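The chain contents come next:
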Amino acid sequence: MTDNAPSREFADRTILVTGGTSGMGLATARLLLAAGAQVVITGRDDARLARAAEQLTAEQPAGGDRLLTVRADVAVPADLARLADTVRERHGTLDGVFANAGVGVFQPAADVTEGVFDHTVDVNFKGVFFTVQHALPLLEAAGGGSVVLNASWTPHRGLPDAPVYAATKAAVLSLARTLGTGLAGRGIRVNSVSPGFIATEMFHAIVPDPAAHEPIRASVPLGRLGRAEDVAETVVFLLSDRSSYITSQDIVIDGGLVPAVQAVAG
Ligand SMILES: NC(=O)c1ccc[n+]([C@@H]2O[C@H](COP(=O)([O-])OP(=O)(O)OC[C@H]3O[C@@H](n4cnc5c(N)ncnc54)[C@H](OP(=O)(O)O)[C@@H]3O)[C@@H](O)[C@H]2O)c1
């Protein structure tokens, strides 16, 4: 092992992962724990949080003491204020945030109700914004840090069945660009990731029929659906010092999907 061995990279660092009970958030928490971080995961449901904690602790018994679970709905700013208080009491500061929690309702414009519109915006846009806002004092207290927002490949193309979802993710892309430039002077980097088709609970909820997976898989130049770990590896890179000169950027993790769509369109 070298001095840069991954298992030590995040020692003494505290990272918040919203939506850490499944999918990309859980995969990122797993890598961070393995790299020595203190990890805080959130979700809306105590039972799902307990299950995620059990899973992570069973995989990495030494990481159990470094894991904190907090029930907090990102759509409710009061929950995010309480989350920040809890992190402050337990750790004092924060070195990084993966603002990952999100919901995906894929419906053509004509079917979107006001309730679905509001909920999607509240979680995916308002939730990400206030997650970062409440984390800022904790990041500043650490002398700076890294924030990664989970956007999506959908705003990089036209997807007829996801106008509201894609618009919220376009807002997330915009937040990464503007917050990144605005916070650079305070030592805080902000970037986003744009995952393609990643086989998580959300993907299976949107595409429940396994028969529909084959054409999706075939449309991806790399020939497979993404794994939560594919995204987690990039998120951990962006949270680490290895990316210390990168801010206000978006990294698309989609197996080549967006360039392929653009090539067809062109
Ligand atoms: N899967 C894809 O193909 C794909 C592609 C591009 C982008 N994304 C984005 O990736 C992110 C993670 O999704 P995933 O695919 O990993 O799906 P997932 O396995 O369903 O995970 C979603 C996570 O978000 C949490 N969550 C949802 N609403 C929340 C709320 N109001 N407050 C707090 N936590 C909330 C869930 O926690 P609880 O349910 O336990 O509360 C869960 O931990 C999302 O932002 C999604 O838009 C996904």
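Worth saying up front: this structure is predicted, and the values here are computed from it rather than measured.

Let us look at the side chain of Asp254. Secondary-structure assignment places Asp254 in the loop between strand 7 (250-253) and helix 9 (257-265). Here Asp254 is buried and forms no salt bridge, its nearest opposite-charge partner Arg157 lying at an N-O distance of 9.0 Å. Polar side-chain contacts of Asp254 include one of 2.9 Å to the backbone nitrogen of Gly256. For Asp254, the side chain forms a polar contact with the main-chain nitrogen of Leu257, separated by 3.1 Å. Apart from the residues lying within four places of it in its own chain, the contact partners of Asp254 are Gly196, Val220 and Pro259.

In this section: the site of the ligand. Surrounding the ligand, one finds 29 residues, the nearest of these being Thr21, Arg44, Arg48, Tyr165 and Thr200. One of the backbone N or O atoms of Val74 is found 2.9 Å from a nitrogen atom in the ligand. Side-chain polar atom of Lys169 to an oxygen atom of the ligand: 2.9 Å apart, as the coordinates give it. If the ligand stood free it would expose 880 Å²; the protein chains cover 94% of that surface. Within the residue set of the shell around the ligand, elements represented by two or more residues are helix 1 (23-34), helix 5 (163-183) and helix 6 (201-206). Considering only residue class, the shell around the ligand consists of 12 nonpolar, 12 polar and five charged.

Right, let's talk about unusual backbone geometry for a bit. Located in the positive-phi region is Asp12, a residue other than glycine, with phi close to 70°. A relative accessible area of 74% means that Asp12 is categorised as exposed. A positive phi angle, near 65°, is found at Ser248, a position not held by glycine. Position of Ser248 among the secondary structure elements: in the loop between helix 8 (228-239) and strand 7. For Ser248, a relative accessible area of 8% puts it in the buried group.

With that settled, the discussion passes to the pairing of strand 1 (residues 14-17). Where burial is concerned, the two faces of strand 1 agree: the one with Thr14 and Leu16 and the one with Ile15 and Val17 are both buried. Pairing of strand 1 with strand 2 (residues 38-43) involves four bridges; the strand directions are parallel. By the bridge assignment for strand 2, Thr14 is matched with Gln38. Traced from strand 1 through helix 1 to strand 2, the parallel crossover comes out right-handed.

So, on to helix 4 (residues 114-141). The terminal C-alpha atoms of helix 4, which comprises 28 residues, lie 39 Å apart, in line with the 40 Å expected from a rise of 1.5 Å per residue. The sharpest bend along helix 4 reaches about 40° and sits at Ala135, with the proline Pro137 one to four residues further on. In this fold, the buried residues of helix 4 make contact with helix 3 (77-91), strand 4 (96-99), strand 5 (145-150), helix 5 and strand 6 (188-195). With its phi angle positive at about 85°, Gly143 sits one or two positions after the end of helix 4.

This paragraph deals with the packing of helix 1 against helix 8. At a minimum axis separation of 8 Å, helix 1 and helix 8 run at an interaxial angle of 55°. Our classification of the angle between helix 1 and helix 8 gives oblique. As helix 1 runs across helix 8, the sense of the crossing is right-handed. Between helix 1, through Gly23, Met24, Ala27, Thr28, Arg30, Leu31 and Leu32, and helix 8, the contact on the second element is made entirely by Ala228, Glu229, Val231, Ala232, Glu233, Val235, Val236 and Leu239. The class makeup of the residues in the contact of helix 1 with helix 8 is 10 nonpolar, two polar and three charged.

About the cut-offs
- Residues numbered from 1 in each chain as written.
- Predicted model: local features only at pLDDT ≥ 70, side-chain atom pairs only at ≥ 80, totals over all residues.
- Heavy atoms only, no water.
- Helix = DSSP H or I, 4+ residues; strand = E, 2+ residues; numbered from the N terminus.
- Buried < 20%, exposed > 50% of the residue type's maximum accessible area, 1.4 Å probe, protein only.
- Lys, Arg positive; Asp, Glu negative; His and termini not counted.
- Salt bridge = Lys/Arg side-chain N within 4 Å of Asp/Glu carboxyl O.
- Polar contact = N/O pair within 3.5 Å; in protein donor to acceptor, adjacent residues only side chain to side chain.
- Contact = heavy atoms within 4.5 Å.
- Near = heavy atom within 4 Å.
- Areas by Shrake-Rupley, 256 points an atom, 1.4 Å probe, with all protein chains shown as cover.
- Nonpolar A, V, L, I, M, F, W, Y, C, P; charged D, E, K, R; others polar.
- Pairing = 2+ DSSP bridges.
- Right-handed = clockwise from strand over helix to strand, strands pointing away.
- Expected span 1.5 Å × (residues − 1).
- Bend = angle between axes of the 7 residues up to and from the residue.
- Axes fitted to C-alpha atoms, helices over the stretch in contact; angles between N-to-C directions.
- Parallel < 35°, antiparallel > 145°, perpendicular 65-115°, else oblique.
- Left-handed = near helix turned anticlockwise from the far one by under 90°.

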